[in-house]
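Each chain is listed here by its residues.
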Amino acid sequence: MSFDCLIFDCDGTLIDSEPIGHRAMAEELALLGIEEDAADMQRRYLAWRLRTLFDDLEARHGVRFDDGMEARWRARVAQLYDAALRPIDGVAAMLAALAQPKCVASNGPRAKIEHGLRATGLLGHFGDRLYSAYDVGAWKPDPALFRHAAASMGAAPARCAVIEDSPVGVEAALAAGMPAFFYDPDGSQPVPPGVVAFADMAGLPALLAASSQP
């Protein structure tokens, strides 16, 4: 018996967007005279809600961003998506090999999810089955988004597999009662008990098949 539904995170799991997002943030901050390293921010803020990230940056630098900061950052990210965004290595072939119903559940806005998947040629694997934390007003590690995705897909939580690349995403999956598969290409993250970690997208179909056996 296979899983009834596969729920994928987007940024860092399907598309290599984390470096782009933090590069765009570093560039916007530089215009305000604030120096931040994009790689350092990626490590510090992996999968954080944008508002929480802004709050932390404001507190650390003693500033207050104006109302246009988010729009300027999103516009810069969109430009970089069109110019440089790529899928995570092996994702296209991995998705093609999986027959189960699939959806995406991300902390980002739906428009950003759709843009990223379209720019990388992955949108056809999901169609309109894109679920955003903005739709439910709850961001990972809150499990509400994953529960919403499962209900929308008509699947019981225990029969859904979540594929994530961040600790907060794994935490949300476990809180939702869903098996979690943790993509950690560097093998550098601690793995919670019961979570399956993997470093190569090519191996995910076999891991899902093995883990779904009764």
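What comes next concerns the included structure.

Thresholds, definitions, all that
Residues numbered from 1 in each chain as written. Predicted model: local features only at pLDDT ≥ 70, side-chain atom pairs only at ≥ 80, totals over all residues. Heavy atoms only, no water. Salt bridge = Lys/Arg side-chain N within 4 Å of Asp/Glu carboxyl O. Helix = DSSP H or I, 4+ residues; strand = E, 2+ residues; numbered from the N terminus. Buried < 20%, exposed > 50% of the residue type's maximum accessible area, 1.4 Å probe, protein only. Pairing = 2+ DSSP bridges. Axes fitted to C-alpha atoms, helices over the stretch in contact; angles between N-to-C directions.

1. Re the pattern of salt bridges
The final tally for this structure, using the stated rule, is 17 salt bridges. Here Arg-159 and Asp-4 are joined by a salt bridge, their closest N and O atoms 3.8 Å apart. In this pair, Arg-159 sits in the loop between α8 (144–153) and β4 (160–164) while Asp-4 sits in the segment before β1 (5–8), placing the two residues 155 residues apart along the sequence. The exposure class assigned to Asp-4 is partly exposed, which follows from its relative accessible area of 41%. With its nearest N and O atoms 3.1 Å apart, the salt bridge here joins Arg-72 to Asp-66. You can call Arg-72 partly exposed: its relative accessible area is 33%.

2. Considerations on the sheet that holds strand β5 (residues 180–183)
With parallel pairing, the 6 strands of this open sheet are ordered in space as β3-β2-β1-β4-β5-β6. Each having just a single partner strand, β3 (130–132) and β6 (196–198) make up the two edges of the open sheet. Direction aside, neighbouring strands of the sheet carry axes that sit 25 degrees apart on average. Of the pairings in the sheet, the one linking strand β2 (residues 102–106) to β3 comprises 3 bridges and is parallel in character.

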